[in-house]
Amino acid sequence: MILIDGKKAAAELREELKKEVIELKAKYNKVPGLTVILIGDMTPSQIYVRNKEKFANEVGLKSEVIKYPDTVEEKTVLEKIEELNKDETVSGILVQLPLPKHIDKQKVIETIIPSKDVDGFHPMNVGNLSSGYESSVPCTPLGCYLLIKKIEPNLNGKKAVIVGRSNLNGKPMMQLLLKENCTVTITHSKTKDLKLECLEADIIVAAVGIPELVKGDWVKKDTIVIDVGINKTDKGIVGDVAFEEVSKNAKALTPVPGGVGPMTIACLLKNTVECFKRSQI
Ligand code: NAD
């Protein structure tokens, strides 16, 4: 079984981006800029943002974090986004989710100009992705896609089963695999026989949030299994896939941690560089 090393793949991607940023600087005399807005003091969000800033600096991006207390008015945040939309030194804007209840998430997402929407959540980017046009792609599914392609460059005709239909993971994942000519089944909490669906898959992507939901006898030999889940349990952080059992059947499998997670941030940096390049045309 191939243990898919997300840490290594993410480091390689950052290295490529670092070289690209040097070339872009030589060509345009400026570097891509990423601005993250962080609202409140939730520990996981603070850790995510700190890592985003660290890796953005590592690849040579101009990076900025704007912090607000969780009492900040929605209007203040929207006005700041409008300001960043116009700022030529900012290539990508990300508002760290989740947001406090009094702030309308959809309004925030839709205020970010689509050309700077490095999370790929704006309806314009969602629509472009589903129509097969150029768009920012949500970072986690993009990371999963790049890991799958490393194992199997030609996905033509493969049967892919996605567990979970969230806007964040399952749905964009479906679009990426469709583009690669996979036959895609997207499953969810009302799916009748999840095991049966998974047993038909050449590729399984699990993005559910249920610890070790996908079992060893759900996976046929030679399946590529990507585990997006991050679940806190008594035995520590586990994914949505029963790692030990599934590793006996799968052709390749991502560990949790150290699989999809590191790729998510690397893909955010990639999206920032792509937004910069598109803005220079
Ligand atoms: P979500 O809660 O938005 O969506 C979960 C999906 O799973 C829903 O579509 C639901 O229908 C489906 N589901 C629920 N129970 C099911 C069942 N029994 N069978 C089949 N489908 C079922 O979750 P999300 O935001 O997509 O996140 C999923 C997991 O991925 C979480 O553990 C989250 O922490 C993790 N995550 C990881 C990263 C990363 O970088 N690795 C990024 C985002 C999310």
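This is a predicted model, so every value here is computed, not measured.

A.B. asks: Account for the overall build of the protein, naming residues and giving values.
C.D. replies: Broken down by element type, the protein carries 10 helices and 11 strands. Compactness check: the protein gives a C-alpha radius of gyration of 19 Å against a globular reference of 19 Å for 281 residues, within 12% of the reference. Taking the intrachain contacts of the protein between residues at least 6 apart in sequence as the baseline, contacts between residues at least 24 apart amount to 69%. As presented, the protein carries roughly 13900 Å² of accessible surface, and 52% of it is formed by carbon and sulfur atoms. In the protein, 40 side chains carry a positive charge and 38 a negative one; their mean positions are 2 Å apart.

A.B. asks: With reference to specific residues and values, describe the site of the ligand.
C.D. replies: Around the ligand sit 21 residues, and of these Arg-165, Ser-166, Asn-169, Val-228 and Thr-264 come closest. Between His-188 and the ligand, the recorded distance is 3.5 Å, taken from a backbone N or O atom to a nitrogen atom. Taking 860 Å² as the accessible area of the ligand by itself, protein coverage stands at 70%. Per element, the largest residue contribution to the shell around the ligand is three residues, and it comes from helix H10 (residues 260-279).

A.B. asks: Summarise the domain arrangement of the protein; cite the residues concerned and give the values.
C.D. replies: What the domain assignment reports for the protein is domain 1 (29-113) and domain 2 (139-261). Distance from the C-alpha centre of domain 1 to the C-alpha centre of domain 2: 29 Å.

A.B. asks: Describe in detail the environment of Val-228, supporting the description with residues and values.
C.D. replies: Along the chain, Val-228 falls in the loop between strand S8 (224-227) and strand S9 (231-233). For Val-228, a relative accessible area of 13% gives the class buried. Sequence spacing of Val-228 and Pro-257 is 29 residues, and the spatial spacing of their C-alpha atoms is 9.6 Å. Apart from the residues lying within four places of it in its own chain, the contact partners of Val-228 are Thr-140, Cys-144, Asn-169, Val-205, Ala-206, Ala-207 and Val-260.

A.B. asks: I'd like to hear about the pattern of salt bridges, residue by residue, with values.
C.D. replies: Within this structure, the stated rule accounts for 15 salt bridges. Here Glu-152 ties to Lys-251 by a salt bridge, and the two come within 3.3 Å at their closest N and O atoms. Taken as a pair, Glu-152 in the loop between helix H6 (139-151) and strand S5 (159-163) and Lys-251 in the loop between helix H9 (243-247) and strand S11 (252-253) lie far apart in primary sequence, 99 residues in all. A residue is classified by how much of its surface remains accessible, and Glu-152, at 17% relative accessible area, is buried. In this structure, Glu-274 and Lys-270 form a salt bridge, with 3.8 Å as the shortest nitrogen-oxygen distance.

A.B. asks: A description of the sheet that holds strand S3 (residues 62-68) should follow, citing residues and the corresponding values.
C.D. replies: Strand order in the open sheet made by the three strands is S3-S2-S4, with parallel pairing throughout. Two strands close off the open sheet at either side, each with one partner strand: S3 and strand S4 (92-95). In this sheet, adjacent strand axes meet at a mean angle of 15 degrees when their direction is disregarded. Strands strand S2 (33-39), S3 and S4 of the sheet are contacted by helix H3 (residues 74-86), whose axis makes an angle of about 165 degrees with S3.

A.B. asks: Quick one: what's the story with empty space enclosed by the protein, residue by residue and with numbers?
C.D. replies: All chains considered together, the criterion is met by two cavities of 30 Å³ or more. Each pocket or cavity is described by its volume, and for the largest cavity that value is around 70 Å³. As for the largest cavity, its lining consists of Leu-94, Val-95, Leu-97, Val-108, Ile-109, Ile-112, Asp-117, Asp-119 and Phe-121. At the level of secondary structure, the elements contributing two or more residues to the lining of the largest cavity comprise S4 and helix H4 (105-111). When grouped by side-chain class, the residues that make up the lining of the largest cavity number seven nonpolar, no polar and two charged. In this structure, the second largest cavity encloses a volume near 30 Å³. Contributing to the lining of the second largest cavity are Leu-34, Val-36, Lys-52, Glu-53, Ala-56, Ser-63, Glu-64 and Val-65. When contributions to the lining of the second largest cavity are tallied by element, the ones reaching two or more residues are S2, helix H2 (43-58) and S3.

Here is what the cut-offs are and how they apply
- Residues numbered from 1 in each chain as written.
- Predicted model: local features only at pLDDT ≥ 70, side-chain atom pairs only at ≥ 80, totals over all residues.
- Heavy atoms only, no water.
- Helix = DSSP H or I, 4+ residues; strand = E, 2+ residues; numbered from the N terminus.
- Rg over C-alpha atoms; globule rule 2.2 N^0.38 Å.
- Contact = heavy atoms within 4.5 Å.
- Areas by Shrake-Rupley, 256 points an atom, 1.4 Å probe, with all protein chains shown as cover.
- Lys, Arg positive; Asp, Glu negative; His and termini not counted.
- Charge placed at Lys NZ, Arg CZ, Asp CG, Glu CD.
- Near = heavy atom within 4 Å.
- Polar contact = N/O pair within 3.5 Å; in protein donor to acceptor, adjacent residues only side chain to side chain.
- Domains from an automatic or database assignment.
- Buried < 20%, exposed > 50% of the residue type's maximum accessible area, 1.4 Å probe, protein only.
- Salt bridge = Lys/Arg side-chain N within 4 Å of Asp/Glu carboxyl O.
- Pairing = 2+ DSSP bridges.
- Axes fitted to C-alpha atoms, helices over the stretch in contact; angles between N-to-C directions.
- 1 Å grid on protein atoms, 1.4 Å probe; cavity = no way out; pocket = protein on both sides within 12 Å on 5 of 7 lines; lining within 4 Å.
- Points joined across faces, edges and corners; volume = space filled by probe spheres on them.
- Nonpolar A, V, L, I, M, F, W, Y, C, P; charged D, E, K, R; others polar.

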